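If you want the building blocks of each chain, they are given just below.
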Amino acid sequence: EVINLNSLFNFVLNRFDMILESDAKNENTITKNYNILREFTKEDVWVEVDPDKFTQVLDNIMNNAVKYSPDGGTITARLIKTKTRAILSISDQGLGIPRKDLDNIFNRFFRVDKSRSRAQGGTGLGLAISKEVVEKFNGRIWVDSVENKGSTFYISLAYVDEEPEDDWDAE
Ligand code: ATP
Ligand code: MG
């Protein structure tokens, strides 16, 4: 299915903004504060992905960005277009990932430093599943990270040129 990546990405980010607002209203103290900055191309980006699965991928990466960051951090969401590919990224100012673990981060059940990760719940499956989904749609996913500074997760996908034809009156 050809979808508008700008809208899908915004939809996911809006939901993370709403979680914060509703927690503030309910005086819920368990949630971490964060700030989402969006730097999107003004051009529409159309890609061929399964929208539900791709939403889950972005949810996973956003959840990690919140989970592995201190309170009050900024998360920067970017969407750009190169000659042939769309690149989206999510940057946090969190714990970062040790250099020696960077190659393992997308493996099933891998979690950085068991003791560090135990404090935050999780199974270590989020990124492995995300990678499977992204690659199924001929995309690539990778990470750039500096320990104690933060991480940036990138996804690139080939984009299609135009908005799909509305096929309401197709036979
Ligand atoms: P879950 O299956 O609930 O997502 P998880 O978050 O532990 O569990 P992944 O999302 O696959 O699993 O991430 C694997 C590991 O990579 C994490 O345990 C964490 O150590 C590290 N990691 C992932 N994202 C980040 C991030 N943004 N900053 C720092 N470390 C991260
Ligand atoms: Mg996770």
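Above this note sits the structure.
Read on for an overview of the structure. (Residues numbered from 1 in each chain as written. Chains lettered and ligands numbered in written order. Predicted model: local features only at pLDDT ≥ 70, side-chain atom pairs only at ≥ 80, totals over all residues.)

Turning our attention to the environment of T76. Within the element layout of this structure, T76 appears in strand 4 (residues 73–81). Residues T76 and D59, spaced 17 residues apart in sequence, show a C-alpha to C-alpha distance of 14 Å. In contact with T76, other than residues within four places in its own chain, are L37, E39 and S91. (Helix = DSSP H or I, 4+ residues; strand = E, 2+ residues; numbered from the N terminus. Contact = placed C-beta atoms within 7 Å.)

It is worth spelling out the site of ligand 1 at this point. Every one of the 22 residues lining ligand 1 counts as a neighbour, but R111, V112, G122, G126 and L127 are closest to it. Grouping the amino acids of the shell around ligand 1 by side-chain chemistry returns 10 nonpolar, 10 polar and two charged. (Near = placed C-beta within 6 Å. Nonpolar A, V, L, I, M, F, W, Y, C, P; charged D, E, K, R; others polar.)

Right, let's get into the environment of V146. For V146, the position within the fold is in strand 6 (residues 140–146). Looking at V146, the number of C-beta atoms within 10 Å reads 12, which means it is exposed. Sequence-wise, V146 and G94 are 52 residues apart; in three dimensions their C-alpha atoms are separated by 9.4 Å. (Buried ≥ 20, exposed ≤ 12 C-beta atoms within 10 Å, placed from the backbone.)

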